[in-house]
Structures are given as structure tokens and as C-alpha cells.
Amino acid sequence: KNQVEQSPQSLIILEGKNCTLQCNYTVSPFSNLRWYKQDTGRGPVSLTIMTFSENTKSNGRYTATLDADTKQSSLHITASQLSDSASYICVVSASTYNTDKLIFGTGTRLQVFP
Amino acid sequence: DAGVTQSPTHLIKTRGQQVTLRCSPKSGHDTVSWYQQALGQGPQFIFQYYEEEERQRGNFPDRFSGHQFPNYSSELNVNALLLGDSALYLCASSLRNYGYTFGSGTRLTVV
């Protein structure tokens, strides 16, 4: 069964600190892995997308890693800001020759306090 | 270059009623996917439309139906609304299976 698990479920950090969110997946056939940021009541916004051959990708203060052998990914946030408070969703794409299915994790709820 | 637009942003309906949600895809995208996201949960795939046909469908009852128009815009229809249908409904557009972009969603409340 295709599955994406994220940890921790929620996280509280102080402004300026770093944090790392984890994503483990069992998805086949693997196509790519995406991290999204979702503010409450809003649609997800893409942060990074990585294919099988990529093991790290950065977007400003966000850096995602991918280990395709262990089927794990992480999202590292550097020097957190209050605006980083949101849910972070790991999404893995399973593709066949004519279909593409996105498998969503349940997200990590991050709260950044001053 | 407009992103994905959804309307309305918020909606309140009564149990048993019918609702239609609308989605305009990002310019250049030809595929529209719909998701239901309950509070505190990840999005659940409802269905995907390409070339005006439903190409994939998730585990949702027939009360959920959709349509895609020649201009690639799409509608999601839900009949006989239940309290459990209350959720954020997200539309994502893509060029075939590339470049998924989400709209801001429609918050549906069933009372």
C-alpha cells in the first residue's frame, strides 16, 4: 500500500532557531517527492520537488534532502521566522505510463514563537 | 500569469442540498485534480480530469461528480450533502502530470 508518513506531527520552536521535518514513504513506482507549505485554510504552496536522482534541493531558507535507498526525506528550515508557522506536507508521486497519483502525508504542524 | 483560481472561497449549505465548486487552472495547464481536506488531515484525492474526461478517481461516492470544459476549467458537484462533507476543497492544475499548482481552496460548511 502506498503510504507517506511524517514526523513529528507538530513542532514548536522559537524564532531564529532551525528545525528539521521528516518524511518516510513506501510508494511504488516512485516518480518524485515534493514538499508543500500550507497556511491554515489556504491551498498548499510548493517549496521543492525532487526526482529519484536528486538528493538535495534548496529554496531560500528551506533545504530538502532525499535518500531514495532508505525512502526518506527531510525538510530543514534555517533561521525560522514567524511566517514559517504553517503545516508542511510531504507528497510523493507514483507514476505509471499514463497516470500520476499524488500520495499525501498528513503533515507537520510547525509553530514559531517570538 | 494567473495561478489556479477557485470560487467561491467560502460556502455554507444545508444537509441534503447540492453544491457546485469551480476551478480555473493555471495558464498553460490542461489537467485538473480535486481534493478534499478535512480539518487537520492531509488532502484526499477525489478525481482528475483531462481532455474533458475523468481519468482517475479516488474512493469517493457517486454523489461527487465533476466536469471539465473545453477551456480546461472544471467544476466539482456534490449532491445530497452530508455533515461529513464539510471540508476544504482544493483544486490543483497541471500540464498532464507536471507542475501541480494548488488553488486557495473553497471552504464548504454543511449545517
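Just so we're clear, the structure is a prediction, and the values are computed from it rather than from any experiment.

Conventions we followed
Residues numbered from 1 in each chain as written. Chains lettered and ligands numbered in written order. Predicted model: local features only at pLDDT ≥ 70, side-chain atom pairs only at ≥ 80, totals over all residues. Heavy atoms only, no water. pLDDT = per-residue confidence, 0-100. Helix = DSSP H or I, 4+ residues; strand = E, 2+ residues; numbered from the N terminus. Buried < 20%, exposed > 50% of the residue type's maximum accessible area, 1.4 Å probe, protein only. Contact = heavy atoms within 4.5 Å. Polar contact = N/O pair within 3.5 Å; in protein donor to acceptor, adjacent residues only side chain to side chain. Buried area = accessible area lost by both parts, 1.4 Å probe. Nonpolar A, V, L, I, M, F, W, Y, C, P; charged D, E, K, R; others polar. Salt bridge = Lys/Arg side-chain N within 4 Å of Asp/Glu carboxyl O. Disulfide = S-S within 2.5 Å. Core = buried A, V, L, I, M, F, W, Y, C linked by side-chain atoms within 4.5 Å.

1. Topic: the confidence of the model for chain A
Phase 1 of the analysis: In the predicted model, chain A carries a mean pLDDT of 93, and the fraction of residues at 70 or more is 96%.
Phase 2 of the analysis: Strand E10 (residues 100-104) of chain A is the least confidently modelled element of chain A, averaging 84 in pLDDT, while strand E8 (residues 72-77) of chain A averages 98, the highest of any element.

2. Comments concerning the environment of Ser73 of chain A
All names here are of chain A.
Phase 1 of the analysis: With respect to the element layout, Ser73 can be found in strand E8.
Phase 2 of the analysis: You can call Ser73 buried: its relative accessible area is 1%.
Phase 3 of the analysis: Taking the C-alpha atoms as reference, Ser73 lies 8.4 Å from Tyr25; in sequence the two are 48 residues apart.
Phase 4 of the analysis: Each residue touching Ser73, except ones within four places of it in the same chain, is listed here: Leu21, Gln22, Cys23, Leu33, Trp35, Met50, Thr65 and Leu66.
Phase 5 of the analysis: At 3.0 Å, the side chain of Ser73 forms a polar contact with the side chain of Trp35.

3. Some thoughts on the side chain of Gln38 of chain A
Phase 1 of the analysis: Along the chain, Gln38 of chain A falls in strand E4 (residues 30-38).
Phase 2 of the analysis: By relative accessible area, Gln38 of chain A is classed as buried at 6%.
Phase 3 of the analysis: A polar contact of 2.7 Å, which involves the side chain of Gln38 of chain A, links it to the side chain of Gln37 of chain B.

4. What to know about the interface of chain B and chain A
Frequently, the measure chosen for interface size is the accessible area that the parts lose on association.
Phase 1 of the analysis: The interface is formed by 15 residues belonging to chain B together with 16 residues belonging to chain A.
Phase 2 of the analysis: Summing both sides of the interface, chain B and chain A together bury roughly 1400 Å²; the carbon and sulfur share of this comes to 54%.
Phase 3 of the analysis: Together, Gln56, Tyr100 and Phe102 of chain B form the three largest contributors to the area buried by chain B at its contact with chain A, with a combined 35%.
Phase 4 of the analysis: Where chain B packs against chain A, one counts 4 residue pairs in polar contact (both at pLDDT 80 or more).
Phase 5 of the analysis: Where the side of chain B that touches chain A is concerned, the elements lending two or more residues are strand E4 (31-37), strand E9 (87-95) and strand E10 (98-102) of chain B.
Phase 6 of the analysis: Classifying every residue of the side of chain B that touches chain A by side-chain character gives 6 nonpolar, 7 polar and 2 charged.

5. Some words on the environment of Asn59 of chain B
Phase 1 of the analysis: As for its placement among the helices and strands, Asn59 of chain B is situated in the loop between strand E6 (53-57) and strand E7 (64-68).
Phase 2 of the analysis: When the C-alpha positions of Asn59 of chain B and Tyr98 of chain B are compared, they lie 23 Å apart, and in sequence the two are 39 residues distant.

6. Focus on the pattern of salt bridges
Phase 1 of the analysis: One pass over the full model with this rule turns up 6 salt bridges over all chains.
Phase 2 of the analysis: Between Glu54 of chain B and Arg57 of chain B there is a salt bridge; the shortest N-O distance is 3.1 Å.

7. Things to note about the state of the cysteines
Phase 1 of the analysis: Counted under the stated rule, the structure contains 2 disulfides over all chains.
Phase 2 of the analysis: At a sulfur-sulfur separation of 2.1 Å, the disulfide partner of Cys23 of chain A is Cys90 of chain A. Between Cys23 of chain A and Cys90 of chain A the sulfur-sulfur dihedral comes to about -65°; the bridge is accordingly left-handed. Pair noted here: Cys23 of chain A is in strand E3 (residues 19-26) and Cys90 of chain A is in strand E9 (residues 86-95), with a separation of 67 residues, a long-range link. Taken individually, Cys23 of chain A and Cys90 of chain A each receive the classification buried, so the pair is uniform in this respect.
Phase 3 of the analysis: In this model, Cys23 of chain B is linked to Cys91 of chain B through a disulfide, with the two sulfur atoms separated by 1.8 Å. What sets the handedness of the Cys23 of chain B and Cys91 of chain B disulfide is the S-S torsion sign, and at about -55° it is left-handed. Placement of Cys23 of chain B in strand E3 (residues 19-24) and of Cys91 of chain B in strand E9 is noted, with a sequence separation of 68 residues between them. With respect to burial, Cys23 of chain B and Cys91 of chain B carry one shared label: buried.

8. Observations regarding the nonpolar core
Phase 1 of the analysis: By size, the foremost hydrophobic cluster in this structure holds 25 residues, and its most contacted members are Val4, Tyr25, Leu33, Trp35, Leu75 and Tyr88 of chain A.
Phase 2 of the analysis: Mapped by element, the contributors of at least two residues to this core are E3, E4, strand E5 (45-51), strand E7 (62-67), E8, E9 and strand E11 (108-113) of chain A.
Phase 3 of the analysis: Broken down by element, the residue count for this core peaks at 5 residues, all from E9 of chain A.
Phase 4 of the analysis: Ranked by size, the runner-up nonpolar core spans 20 residues in total, among them Val32, Ile46, Phe60 and Leu76 of chain B.

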